Amino acid sequence: IADIWDSIVSEEGQARLVNRATQGLYPPGSTFKIITLLEYLREHPEDYDQYQFDCQGKITYGDYTLRCYHGTVHGSQTLKEAFGNSCNGAFASLGLELDKAQTRKTAEELLYNSQMPLALAYSKSSFQMEVDGDTWETLQTYIGQGRTQMPLLDPHSHGQSGRSTVSCIPPLHRFHHIQIGNPRS
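What comes next is a walk through the structure. (Residues numbered from 1 in each chain as written. Predicted model: local features only at pLDDT ≥ 70, side-chain atom pairs only at ≥ 80, totals over all residues. Heavy atoms only, no water.)

Notes on the overall build of the chain
So, point 1. For the chain, the helix and strand inventory stands at eight helices and four strands.
So, point 2. The buried share of the chain, taken over its 185 residues, is 42%.
So, point 3. When the accessible surface of the chain is totalled, it reaches about 9,900 Å², and 51% of it is carbon and sulfur. (Helix = DSSP H or I, 4+ residues; strand = E, 2+ residues; numbered from the N terminus. Buried < 20%, exposed > 50% of the residue type's maximum accessible area, 1.4 Å probe, protein only. Areas by Shrake-Rupley, 256 points an atom, 1.4 Å probe, with all protein chains shown as cover.)

Shown next as structure tokens:
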């Protein structure tokens, strides 16, 4: 079996012996809110503590509506409360304020679109939002839905909300070099 192992675990479309934890790709869900939060802190180093959002259980922007988990109405939210409650409305509203190109850079600092330091066969995580992406893509991306994807067994998935992710690898190698303040100035 050693002679044919690489061919049976990597055949596209066959799904024979595919390790879904390392080779499947899934939306990161609320774990991506860590990246949204980090980017907001970087772009608003002087006033992030002034952030307020009035959560009505959903946010409507133009023709698009996003709901919080189970339609939960969180009420008035500071940035810290929005993060603790994993408030989709608050994080979607943050995303509408953020610089998409800078968000891509932050995601790539955290190894999206990069090779992982794993000795297993795996699928590379991908940050897909384009600078000129439409409103729906923007809203979805900043709450961890949409086209951005990652394998389940991934250090990003250490779980901000703990609802839908798996983690078997300590995430510290992703975060040890990250500055909270604006590293671009």
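Picking up where we left off.
Some words on the nonpolar core
So, point 1. Judged by nonpolar contacts, the single largest core of 29 residues is most densely connected at Tyr51, Phe53, Leu79, Cys87, Ala90, Phe91 and Tyr112.
So, point 2. Tallying contributions element by element places helix α3 (residues 33-43) first for this core, with five residues. (Core = buried A, V, L, I, M, F, W, Y, C linked by side-chain atoms within 4.5 Å.)

Observations regarding helix α6 (residues 100-109)
So, point 1. Among the residues making up α6, those that are buried are Lys100, Gln102, Thr103, Thr106 and Ala107. The arc enclosing the buried residues of α6, seen along the axis, measures out at 155°, which places them on a common side.
So, point 2. At its buried positions, α6 is contacted by α3 and α7 (135-142).
So, point 3. Regarding α6, its N-cap is Asp99, as a side-chain oxygen of that residue lies 2.9 Å from the backbone nitrogen of Ala101 further along.
So, point 4. One or two residues past the end of α6 sits Leu111, with phi positive at roughly 75°. (Arc of directions from axis to C-beta. Contact = heavy atoms within 4.5 Å. Polar contact = N/O pair within 3.5 Å; in protein donor to acceptor, adjacent residues only side chain to side chain.)

Considering the pairing of strand β1 (residues 52-55)
So, point 1. Burial of the side chains of β1 is restricted to one face: Phe53 and Cys55 are buried, whereas none of Gln52 and Asp54 on the reverse face is.
So, point 2. Where β1 and strand β4 (residues 75-78) come together, four bridges link them in antiparallel fashion. Of the residues in β4, the one forming a bridge with Asp54 is Ser76. (Pairing = 2+ DSSP bridges.)

Observations regarding the pairing of strand β3 (residues 64-67)
So, point 1. As defined by bridge partners, strand β2 (residues 58-61) adjoins β3 across four bridges and the pair is classed as antiparallel. Bridging from a neighbouring strand, Ile59 pairs with Leu66 of β3.
So, point 2. Linking β2 back to β3 in an antiparallel pair, the connection comprises two residues, with Gly62 at a positive phi of about 65°.

Considering a nonpolar patch on the surface
So, point 1. A surface patch of nonpolar side chains, about 450 Å² in accessible area, is lined by Ile1, Ile4, Trp5 and Leu17.
So, point 2. Position of Ile1 relative to the elements: it lies in the segment before α1 (5-10). (Patch = residues over 30% accessible without salt bridge, like charges linked within 9 Å, V, L, I, M, F, W, Y side chains within 5 Å. Salt bridge = Lys/Arg side-chain N within 4 Å of Asp/Glu carboxyl O.)

Examining the packing of α3 against helix α5 (residues 88-97)
So, point 1. Contact geometry of α3 with α5 gives a least axis separation of 10 Å together with a crossing angle of 45°. Taken together, α3 and α5 sit at an angle that is classed as oblique. For α3 against α5, the interelement crossing comes out left-handed. For the pair α3 and α5, the contacting residues are Lys33, Thr36, Leu37, Tyr40 and Glu43 in the first and Asn88, Phe91, Leu94 and Glu97 in the second.
So, point 2. Of the residues in the contact of α3 with α5, the class split is four nonpolar, two polar and three charged. (Axes fitted to C-alpha atoms, helices over the stretch in contact; angles between N-to-C directions. Parallel < 35°, antiparallel > 145°, perpendicular 65-115°, else oblique. Left-handed = near helix turned anticlockwise from the far one by under 90°. Nonpolar A, V, L, I, M, F, W, Y, C, P; charged D, E, K, R; others polar.)

Remarks on the packing of aromatic side chains
So, point 1. Using the criterion set out here, one finds five aromatic pairs in the structure.
So, point 2. Here the aromatic rings of Phe83 and Phe91 are separated by 6.3 Å at their centres, their planes lie at 50°, and the arrangement is tilted.
So, point 3. Since its relative accessible area comes to 0%, Phe91 is described here as buried.
So, point 4. Taken together, the aromatic side chains of Phe32, Tyr112 and Phe127 make up a single cluster linked through ring pairs. (Phe/Tyr/Trp six-rings, centres within 6.5 Å; stacked < 30°, edge-to-face > 60°.)

Regarding a negative patch on the surface
So, point 1. On the surface, Glu46, Asp47, Asp49 and Glu97 cluster together to form a negatively charged patch.
So, point 2. Within the fold, Asp47 resides in the loop between α3 and β1.
So, point 3. Note on Asp47: relative accessible area 34%, which makes it partly exposed. (Lys, Arg positive; Asp, Glu negative; His and termini not counted. Charge placed at Lys NZ, Arg CZ, Asp CG, Glu CD.)

Some remarks on the pattern of salt bridges
So, point 1. The final tally for this structure, using the stated rule, is four salt bridges.
So, point 2. Glu109 is the salt-bridge partner of Arg42, the closest N and O atoms lying 2.9 Å from each other. Remark: Glu109 occurs in helix α6 and Arg42 occurs in helix α3; sequence separation between them is 67 residues.
So, point 3. The class of Arg42 is buried, set by a relative accessible area of 1%.

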